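Geometric and topological summary
If you want the building blocks of each chain, they are given just below.
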Amino acid sequence: MALDEKIHELRREKLKQIEALGQKSYPTQYDFTHTIPSILAGNSSKSGEELEANRISVRVAGRIMAIRLMGKAGFAHIQQDGQRLQIYVKKDAVGEKGFELYKLLDLGDHIGVSGYLFRTRTGELSIHVEEITFLSKDLLPLPIGKSVESDDGQEGGKKWNELSDVELRYRQRYVDLIVNPEVREVFLKRSKLVQSLRRSLDARGFVEVETPMMQPIAGGAVARPFVTHHNTLDIDLYLRIAPELYLKRLVVGGFDRVYEINRNFRNEGIGWRWNPEFTMLEFYQAYTNFQGVMDLTQELITQAARDVTGGTKTKWTGKDGENEVVHELDWANWQRMTMREAIIHFWPEAAGAKPEMSDFASTDSVKNLVQRFNKGHAHVAYDPKEPAGKTIAALFEAAAEAHLMQPTVIYEFPTAISPLSKQKPDEPDWTERWEIYAGSMEIANGFSELNDPEDQRQRFEAQLKERERGDDEAHQMDEDYIRALSYGMPPAGGVGVGVDRLAMLLTDSHTIRDVILFPVLRPEEKKEEK
RNA sequence: GGGCGCGUAGCUCAAUUGGCAGAGCAACUGACUCUUAAUCAGUAGGUUGUAGGUUCGACUCCUACCGCGCUCACCA
């Protein structure tokens, strides 16, 4: 029998003994007067004498995270909301049965205690327990271990293990959350981030809505969708890759300021920045353009950085080859440059002279740039038949993206890769579109929304040609969307913000799996029945 | 999907050229009525990811598979 099975058996046996003491094994509720955080917040500054003079009675519940038995007395630490408080259990105080119960408790059990606050001889705020109530048993051993190592020979250099098996951490996030307090912190920060975005948008009169997750045409982005099937209607539906086209239908319908924070699903690879389902904020504002929503997005993110971290500067640990490099991201200081400027600015020396603006103008000159770039560098894959704009975007990603550490707005994107954006009035090959980069990641995308139905139809048709060329991610035709635009959509700016990636940046998390509670993993292999 | 790397006790990690699979903590038994992730004495814990192969002998070498990580491609 494996160890954890043995422990499971042993603890079930203990549970029976606990019942025999008159405790319920799985009681339905516990009335408490305090929480551990409230006790710590309210009494941390009080001295032992003060606590003795004005005795404070408390009833509080928590999970046992450390327990020490010493004959006829003992200590334990109980945890609630990620915070710990010590309890002191003395046989004289809790009685025969109470102490029998204490002796049957294990690491990980939930208990409720009532008693009064005091300070131990060493000064730690603790509860002098008068009554213990059993609340729930932990039948499986928590992976709490310790190892004593002489860290750098430092005196008393104790280094406590943490649960570091990433597979177990992601598969059994509940265990990760119990054992690793900093994991809890990351998700609390993520919650604050989402709250902050909502508050900022609500304060500006935006209305939060929910649009379909299951769509007959997966539109609004360039990506491969997941397919599912509805039995009664007997139709295939796609999990949405973006809410964009539905939100703009709502702008047509008169919601001038509208937003949604919800999941998108894209059937693509998994990596440090990619999870098949991810959370996106999208918002649309009528009567403004890409400039207006660019300013607003910067404000939203600056405020979010404040709300999550208390300031506008955050640490980001990057890698330079083998070495770790700590960057300080400044969310109140935004750089802006056009895509073409960025390519020129970050043009690698090995690729010779920097491009001129005119080099982006024709298919031949763009091809020439790629050839020059590829000479000294990682290969930029491109199809000679693809539109020049698409090649320029690939060039930008290869030349510039990795260098975009500080929050930076890159604007003016090729029309060929922006089927839903308005063109620049003076340069129809370019659109009024921007993306925000930070920590070498794209985190937001916004533009002046294309609202001319005829132009939109032509853009979709151009995408269909890409599709025929073999690009199965190119946008599909959406007749109803064109019909909606035909009723007249006011001029508007729209934005999508990658919430997971923003959470990564604000918590110095280097994989998206550390900011998603249950990231997609391959299912566990089923153990053979014996 | 391609390439590279990893998988040893519940957790964190050792194991010399291929030569008896170990430690700390957790667990169990006992002692201890102010401990600090207590201390002391003792006990138990393993098909070394799985299945094959090479060998007198495999944690170690080879092959396949499973899982995870990094990376490239596709993408946000």
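Here the structure is a predicted model, which is why all the values come from computation and not from measurement. (Residues numbered from 1 in each chain as written. Chains lettered and ligands numbered in written order. Predicted model: local features only at pLDDT ≥ 70, side-chain atom pairs only at ≥ 80, totals over all residues. Heavy atoms only, no water.)

To continue, consider the confidence of the model for chain A. Of the residues in chain A, 93% reach a pLDDT of 70 or more, and the chain-wide mean stands at 89. Within chain A, no element has a lower average pLDDT than helix α5 (residues 166-171), which sits at 80, and none a higher one than strand β6 (residues 207-208), at 98. Every residue in residues 147-159 scores below 50 in pLDDT, and together they form 10 contacts with partners more than four places removed in sequence or on other chains. The low-confidence segment residues 526-530 (pLDDT under 50) makes zero contacts with residues lying over four places distant or belonging to another chain. In the predicted complex, the global pTM is 0.92; the interface-specific ipTM is 0.84. (pLDDT = per-residue confidence, 0-100. Helix = DSSP H or I, 4+ residues; strand = E, 2+ residues; numbered from the N terminus. Contact = heavy atoms within 4.5 Å.)

Now for the packing of helix α7 (residues 181-203) against helix α15 (residues 499-507). When two helices pack together, their arrangement is given by the angle between the helix axes and by the axis-to-axis distance. Two elements in contact, α7 and α15, have axes separated by 10 Å at closest approach and are oriented at 125 degrees. With respect to each other, α7 and α15 are oriented oblique. Considering the relative orientation of α7 and α15, their crossing is right-handed. For the pair formed by α7 and α15, the contact residues are Val186, Lys189, Arg190, Leu193, Val194 and Leu197 on the first element and Val499, Asp500, Leu502, Ala503, Leu506 and Thr507 on the second. Within the contact of α7 with α15, the residues separate by chemical class into eight nonpolar, one polar and three charged. (Axes fitted to C-alpha atoms, helices over the stretch in contact; angles between N-to-C directions. Parallel < 35°, antiparallel > 145°, perpendicular 65-115°, else oblique. Left-handed = near helix turned anticlockwise from the far one by under 90°. Nonpolar A, V, L, I, M, F, W, Y, C, P; charged D, E, K, R; others polar.)

Moving on: the nonpolar core. In terms of nonpolar packing, the biggest core is built from 42 residues, with Leu193, Leu281, Phe283, Trp331, Trp434 and Ile443 touching the most fellow members. Going through the elements one at a time, α7, β10 (257-265), β11 (277-286), α9 (290-309), β16 (430-438), β17 (441-448), β18 (492-498) and α15 are the ones with two or more residues in this core. For this core, the element with the highest residue contribution is α9, accounting for nine residues. The residues touching Leu193, leaving out its near neighbours within four places in the chain, are Ala304, Val308, Val499, Leu502, Ala503 and Leu506. Within the second largest apolar cluster, 30 residues are counted, among which are Ile36, Ile39, Val94 and Ile132. (Core = buried A, V, L, I, M, F, W, Y, C linked by side-chain atoms within 4.5 Å. Buried < 20%, exposed > 50% of the residue type's maximum accessible area, 1.4 Å probe, protein only.)

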